[in-house]
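Below, each chain spelled out in residue letters.
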Amino acid sequence: MNAELSGSLCPWRFSVAPMMDWTDRHCRFFHRVLTRRSLLYTEMVTANAVIHGDRERLLGFDPAEHPVALQLGGADAVALAEAARIGEAFGYDEINLNCGCPSDRVQGGQFGACLMAVPDQVARAVAAMKAAVAVPVTVKCRIGIDDQDPETGLDRFADAVVAAGADALIVHARKAWLQGLSPRENREIPPLDYDRVFRLKARLPHVPVAINGGIGSLAEAEVLLAPRDGVCLDGVMLGRAAYQSPALLRDVDPVLFGTEPPVAGLAEAIEAFIPYVEARLAEGVRLSAMTRHILGLFQAVPGARQFRRHLSVEAVKPGADARVLRGALDLVMNRPAGRDMAA
């Protein structure tokens, strides 16, 4: 890719999915060490929690994380608009509405994937959020839920939220089954239908549409970004692959944006992370709360098993500090080549 063109690419060209218990502020900072250009998303935060909870704990982030989007959960248009306004005031670059999570908690609150059954209600929420903020308001959804026909159901949903002003759609290319499947099973069992997302984009050529679900590598992302029957998607969103194998994020900038990676290698990424770790330790954050996000960094690298074991055992001990992280890095850097390749 011509690096001169990279600045004009869609802001949703590559993003890391919002993932509960995973994409917290420490995770996002480390991901930013590996890629300057990826769009990062928070864990889902409910609108009511934003309005009534500890905002600094729920919404605080490091300025280095930009561009970073806040994902909200909820169904009430007034509450979502207020939460969006608060999120914008905190400095988020985008507000995203979760219409795809199928968890029991979300179903109990009648939001997340449940909202795909009520597109007019979602449209009212999007319109209220758009009126409250100047940053983009986007929607993340499934191709359908339960017995919905993905053709008519997704079209109706997308048309409603786009008419209300949604700036982009991120579509998980699976149905969500609200009864009978766990959240984990909903990420794996319903079949992927990437073609359905391409058909949606063909219907809405002027609306940014990004695809999510089952994408395991940058090579697969490149395939999905390539034209298909004359239709080009605007972006890809990786979830578990980006979290469990974060090393792939170092290749995002050169492969998808035509720019140099921000760090020369994975060891340099750890070194760049250490000042952040030390600053948070001084604030009382536990080392393990940060190092848990980097356990998969050296997959298939000699010493990876020792790296993971050292962090898993030592980082949870009282008083653990950055020396633990440096010690783990030494186990990788000083491991003889050809050893531990099964780690």
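Residues numbered from 1 in each chain as written. Predicted model: local features only at pLDDT ≥ 70, side-chain atom pairs only at ≥ 80, totals over all residues. Heavy atoms only, no water.

Colleague: Pulling in residues and values, what's your account of the pattern of salt bridges?
Modeller: Across all of its chains, the model carries 18 salt bridges by this definition. Salt-bridge contacts for Asp155 lead to Arg196; the nearest nitrogen and oxygen are separated by 2.7 Å. Separated by 41 residues along the polypeptide, Asp155 in helix α7 (residues 150-163) and Arg196 in helix α9 (residues 194-203) bring together distant segments of the chain. Taking the relative accessible area as the measure of exposure, Arg196 reaches 1% and is therefore buried. Among the salt bridges present, the one from Arg228 reaches Asp195, with a minimum N-O distance of 2.6 Å. (Salt bridge = Lys/Arg side-chain N within 4 Å of Asp/Glu carboxyl O. Helix = DSSP H or I, 4+ residues; strand = E, 2+ residues; numbered from the N terminus. Buried < 20%, exposed > 50% of the residue type's maximum accessible area, 1.4 Å probe, protein only.)

Colleague: Just give me the short version of the pairing of strand β6 (residues 137-145), but keep the residues and values in it.
Modeller: Within a regular strand, side chains alternate between the sheet's two faces. Across the nine residues that make up β6, a large majority, nine, are buried. Two strands pair when backbone bridges link them, and strand β5 (residues 94-99) and β6 are joined in this way by five bridges, in the parallel orientation. From the neighbouring strand, Asn98 faces β6, where its bridge partner is Lys140. Sheet topology note: the β6/strand β7 (residues 168-176) ladder contains seven bridges and is parallel. Within β7, the position partnered with Thr138 by the bridge is Ala168. Remark: the β6/α7/β7 crossover connection has right-handed handedness. (Pairing = 2+ DSSP bridges. Right-handed = clockwise from strand over helix to strand, strands pointing away.)

Colleague: Break down the nonpolar core for me, citing the residues and quoting the values.
Modeller: In terms of nonpolar packing, the biggest core is built from 117 residues, with Phe14 and Ile270 touching the most fellow members. The contacts of Ile270, once residues within four sequence positions are left out, are Phe30, Ile294, Leu297, Phe298, Phe307, Leu325 and Leu329. (Core = buried A, V, L, I, M, F, W, Y, C linked by side-chain atoms within 4.5 Å. Contact = heavy atoms within 4.5 Å.)

Colleague: I'd like a rundown of the packing of helix α6 (residues 119-132) against α7, residues and numbers included.
Modeller: A packed helix pair is summarised by two numbers, namely the angle formed by the two axes and the spacing between the axes. Relative to each other, α6 and α7 sit at 25°, their axes nearing to 8 Å. Relative to α7, the element α6 is oriented roughly parallel. For the crossing formed where α6 meets α7, the hand is right-handed. Contacts from Pro119, Asp120, Val122, Ala123 and Val126 in α6 reach Arg156, Phe157, Ala160 and Val161 in α7. (Axes fitted to C-alpha atoms, helices over the stretch in contact; angles between N-to-C directions. Parallel < 35°, antiparallel > 145°, perpendicular 65-115°, else oblique. Left-handed = near helix turned anticlockwise from the far one by under 90°.)

Colleague: Mind laying out the packing of aromatic side chains, listing which residues take part and the relevant values?
Modeller: One pass over the structure, following the stated rule, counts seven aromatic pairs. Ring centres of Trp22 and Tyr243 lie 4.3 Å apart, and the angle between their planes is 10°; this geometry places the pair in the stacked category. In this pair, Trp22 sits in the loop between β1 (14-16) and α1 (25-34) while Tyr243 sits in helix α11 (residues 240-244), placing the two residues 221 residues apart along the sequence. Exposure remark for Tyr243: the relative accessible area of 10% places this residue in the buried category. Plain terms: the ring middles of Phe298 and Phe307 are 4.9 Å apart, the flat faces sit at 75° to each other, and that makes the pair edge-to-face. By way of ring pairs, the aromatic residues Phe29, Phe30, Phe273 and Tyr276 are connected into one cluster. Over the ring of Tyr276 we find Arg280, and its NZ or CZ is 4.7 Å from the ring centre. (Phe/Tyr/Trp six-rings, centres within 6.5 Å; stacked < 30°, edge-to-face > 60°. Lys NZ or Arg CZ within 6 Å of the ring centre and 35° of its normal.)

Colleague: Describe helix α13 (residues 266-282), naming the residues involved and giving the relevant values.
Modeller: Look at α13: 25 Å from first C-alpha to last across 17 residues, which is about the 24 Å you get at 1.5 Å a residue. Bending of α13 peaks at approximately 30° at the position of Ile274, with proline Pro275 no more than four residues after it. Those residues of α13 lying buried are Leu266, Ala267, Ala269, Ile270, Phe273, Ile274, Tyr276, Val277 and Arg280. Where α13 is buried, its residues touch α1, α14 (287-291), α15 (304-314) and α16 (322-333). Once α13 ends, the next one or two residues include Gly284, with phi positive near 100°. (Expected span 1.5 Å × (residues − 1). Bend = angle between axes of the 7 residues up to and from the residue.)

Colleague: Go over the confidence of the model for the protein chain, please, and point to the residues and values.
Modeller: Per-residue pLDDT for the protein chain has a mean of 93; in total, 95% of the residues score no lower than 70. This model gives residues 1-7 a pLDDT under 50, and the stretch forms twelve contacts once residues within four places in sequence are excluded. Taken as a whole, residues 336-343 scores under 50 in pLDDT and shows 19 contacts with residues more than four places along the chain or in a different chain. (pLDDT = per-residue confidence, 0-100.)

Colleague: Lay out α1 in plain terms, naming residues and giving numbers.
Modeller: Counting buried positions over the ten residues of α1 gives nine, a clear majority of the element. Those residues of α1 lying buried are His26, Cys27, Arg28, Phe29, Phe30, His31, Arg32, Val33 and Leu34. A distance of 3.1 Å separates the backbone nitrogen of His26 from a side-chain oxygen at the start of α1, and that oxygen is part of Asp24. (Polar contact = N/O pair within 3.5 Å; in protein donor to acceptor, adjacent residues only side chain to side chain.)

Colleague: Pulling in residues and values, what's your account of unusual backbone geometry?
Modeller: Note the cis peptide between His66 and Pro67, where omega equals -5°. Counting through the fold element by element, Pro67 comes out in the loop between α3 (55-59) and β4 (68-73). With phi around 55°, Asp229 is a residue other than glycine that occupies positive phi space. Mapping Asp229 onto the fold places it in the loop between α10 (218-225) and β9 (235-238). Of the residues examined, Asp229 reaches a relative accessible area of 80% and is grouped as exposed.

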